[in-house]
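Residue-level structure breakdown
Below are the chains, spelled out letter by letter.
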Amino acid sequence: MEAVPSELILVDTSKNPEIHKILLEYTDQVYEFEWCNDFAKARNVGLKKAKGEWFMFLDDDEWLVDVEDIIQFFRSNDYNKYACVDHRIRNFMDANFERYSECWVTRLYKIVPGSEFRSKVHEYFAPLDGVKKRLYALSYHSGYAFASEEEQEAHFERNTKLLFEMIKEEPTNIRWKMQLIQEYASMSKWED
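This text gives an overview of the structure that appears in the document. Quick caveat: nothing in here was measured; it's all calculated off a predicted structure. Starting afresh in each chain, residues are numbered from 1 along the sequence in its written order. In keeping with the predicted nature of the model, local features appear solely for residues at pLDDT of at least 70, side-chain atom pairs appear and are counted solely at 80 or more, and the whole-chain, interface and lining totals rest on all residues. As a rule here, side-chain values cover all heavy atoms of the structure and leave hydrogens and water aside.

As for the environment of Ala 137
The criterion, for reference: The secondary structure listing takes helices from DSSP runs of H or I that are at least 4 residues long and strands from runs of E that are at least 2 residues long, numbered from the N terminus. We call two residues contacting when some pair of their heavy atoms lies within 4.5 Å.
With respect to the helices, strands and loops of the structure, Ala 137 is situated in strand E9 (residues 132–141). The sequence separation of Ala 137 and Lys 189 amounts to 52 residues, and the corresponding C-alpha distance is 33 Å. In this structure Ala 137 touches Asp 66, Val 67, Asp 69, Ile 70, His 87 and Arg 88, once residues within four positions along its chain are discounted.

Looking at a nonpolar patch on the surface
Selection rule: Each patch groups residues whose relative accessible area exceeds 30% and which form no salt bridge, using 9 Å between like charges and 5 Å between nonpolar side chains of Val, Leu, Ile, Met, Phe, Trp and Tyr. Areas reported as accessible are Shrake-Rupley estimates using a 1.4 Å probe. Residue values count occlusion only from the protein chains shown. One speaks of a salt bridge when a side-chain nitrogen belonging to Lys or Arg is within 4 Å of a carboxyl oxygen belonging to Asp or Glu.
A cluster of nonpolar side chains, namely Trp 63, Val 65 and Phe 97, defines an oily patch on the protein surface of about 250 Å² accessible area. With respect to the helices, strands and loops of the structure, Val 65 is situated in strand E4 (residues 62–66).

Brief notes about helix H4 (residues 149–169)
Stated formally: Take the residue count of a helix, subtract one, and multiply by 1.5 Å to get its expected span. Relative accessibility under 20% of the residue-type maximum defines a buried residue, over 50% an exposed one, and the middle range a partly exposed one, all with a 1.4 Å probe and only protein chains included. As used here, the arc is the angular range of directions from the helix axis to the C-beta atoms.
With 21 residues, H4 should reach 30 Å at 1.5 Å per residue; the first-to-last C-alpha distance of 30 Å fits that figure. Burial in H4 covers these residues: His 155, Phe 156, Asn 159, Thr 160, Leu 162, Leu 163, Met 166 and Ile 167. Around the axis of H4, the buried residues are gathered within 165° of arc, so they sit on the same side. Among the exposed residues of H4, those pointing more than 90 degrees away from its buried face are Glu 150 and Lys 168. Check the buried side of H4 and you find it contacts helix H2 (39–49) and helix H5 (174–186).

Focus on the pattern of salt bridges
In this structure the tally under the stated criterion is 14 salt bridges. Here Lys 51 and Glu 7 are joined by a salt bridge, their closest N and O atoms 3.6 Å apart. Here Glu 7 lies in the segment before strand E1 (10–12) and Lys 51 lies in the loop between H2 and strand E3 (54–56), a separation of 44 residues in the sequence. On the accessibility criterion, Glu 7 (29% relative accessible area) is partly exposed. The partner of Arg 134 in a salt bridge is Asp 86, with the nearest N and O atoms 3.6 Å apart. Residue Arg 134 is found in strand E9, and its partner Asp 86 is found in strand E5 (residues 84–92); the two are separated by 48 residues along the sequence. Owing to a relative accessible area of 45%, Arg 134 belongs among the partly exposed residues under this scheme. Assessed through its relative accessible area of 5%, Asp 86 is described here as buried.

Structural notes on the sheet that holds E3
Inclusion rule: Paired strands, as defined in this entry, are two strands with at least two bridges between them according to DSSP. Axis lines are fitted through C-alpha atoms, for helices just across the contact stretch, and the angle between N-to-C directions can take any value from 0 to 180 degrees.
Spatially, the five strands line up as an open sheet ordered E3-E6-E5-E9-E4, and their pairing is mixed. Since the sheet does not close on itself, it has two edges, and those belong to E3 and E4, each with one partner. Recorded for the sheet is a direction-independent mean angle of 35° between the axes of neighbouring strands. The pairing of E5 with E9 spans seven bridges and is parallel. Each residue of the ladder has a partner; that of Asp 86, found in E9, is Arg 134.

Notes on the packing of aromatic side chains
The following threshold applies: Aromatic rings from Phe, Tyr and Trp, with only the six-membered ring used for Trp, were paired whenever their centres fell within 6.5 Å, and each pair was classed as stacked if the ring planes differed by under 30 degrees, edge-to-face if by over 60, and tilted otherwise. Here, a charge over a ring is recorded when the distance from Lys NZ or Arg CZ to the ring centre is within 6 Å and its angle to the ring normal is within 35 degrees.
A complete count under the given rule lists 21 aromatic pairs for this structure. Here Tyr 109 and Phe 117 contribute two aromatic rings whose centre-to-centre distance is 6.1 Å and whose plane-to-plane angle is 85°, an arrangement assigned as edge-to-face. With a relative accessible area of 3%, Phe 117 lands in the buried category. Chaining the aromatic ring pairs together yields one cluster made of Trp 54, Phe 73, Phe 74, Tyr 79 and Tyr 82. The cationic tip of Arg 90 hangs over the ring face of Tyr 100; the distance from NZ or CZ to the ring centre is 4.3 Å.

Structural notes on the packing of H4 against H5
Counted only if it meets this: An angle counts as roughly parallel when it lies under 35 degrees, as roughly antiparallel when it exceeds 145, as roughly perpendicular when it falls between 65 and 115, and as oblique in every other case. Left-handed describes a crossing whose near helix is turned anticlockwise from the far helix by less than a right angle; the clockwise case is right-handed. Ten residue types, Ala, Val, Leu, Ile, Met, Phe, Trp, Tyr, Cys and Pro, are classed as nonpolar, four, Asp, Glu, Lys and Arg, as charged, and the remainder, Gly among them, as polar.
Remark: H4 packs on H5, axes separated minimally by 9 Å, with the N-to-C direction vectors making an angle of 160°. The angle between the axes of H4 and H5 places the two elements in the roughly antiparallel class. Where H4 crosses over H5, the two elements pack in a sense that is left-handed. On the side of H4, the interface is formed by Gln 152, Phe 156, Asn 159, Thr 160, Leu 163, Phe 164, Met 166 and Ile 167, while H5 contributes Trp 176, Lys 177, Gln 179, Leu 180, Glu 183, Tyr 184 and Ser 186. Of the residues belonging to the contact of H4 with H5, the class tally is eight nonpolar, five polar and two charged.

And the structure:
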């Protein structure tokens, strides 16, 4: 944040005054959101408050580790050529951060008129029209490092419930069926 002009916007779904107080130590832009099982609605709170040209989001279980490529991207004029940016994310599978998978995620978007996040789960940014840039920046994600099998099962149940709702709302959208298959594969629930 010190390297390029930026603002920090935090959307607080905790309903916990102590957490809210801690968040205010980092920014005065902390917005409470009543959780309603809709990730896009929560993201849109922050997006609507953004004053800049670009929007990057991270969840509370993610943190940036290597941002040099992002800094160089915004210090150059190249950023004007792109609509969004991918970076690497390392998804940890255990509390000791020994087992992980790594993939590319799109978390940085140019804001255009009508920009919004869509979908209750595995949300996406729209409209998205233009060229994507891939940067070697890295973030860590601890959201798959479950403390117990029960915690993992609860995560699976939450996501599959929301995906079934999305399939019911948009039965011809293959995206939700593919996401559902991934959820079942992650739990090795092939028979279900």
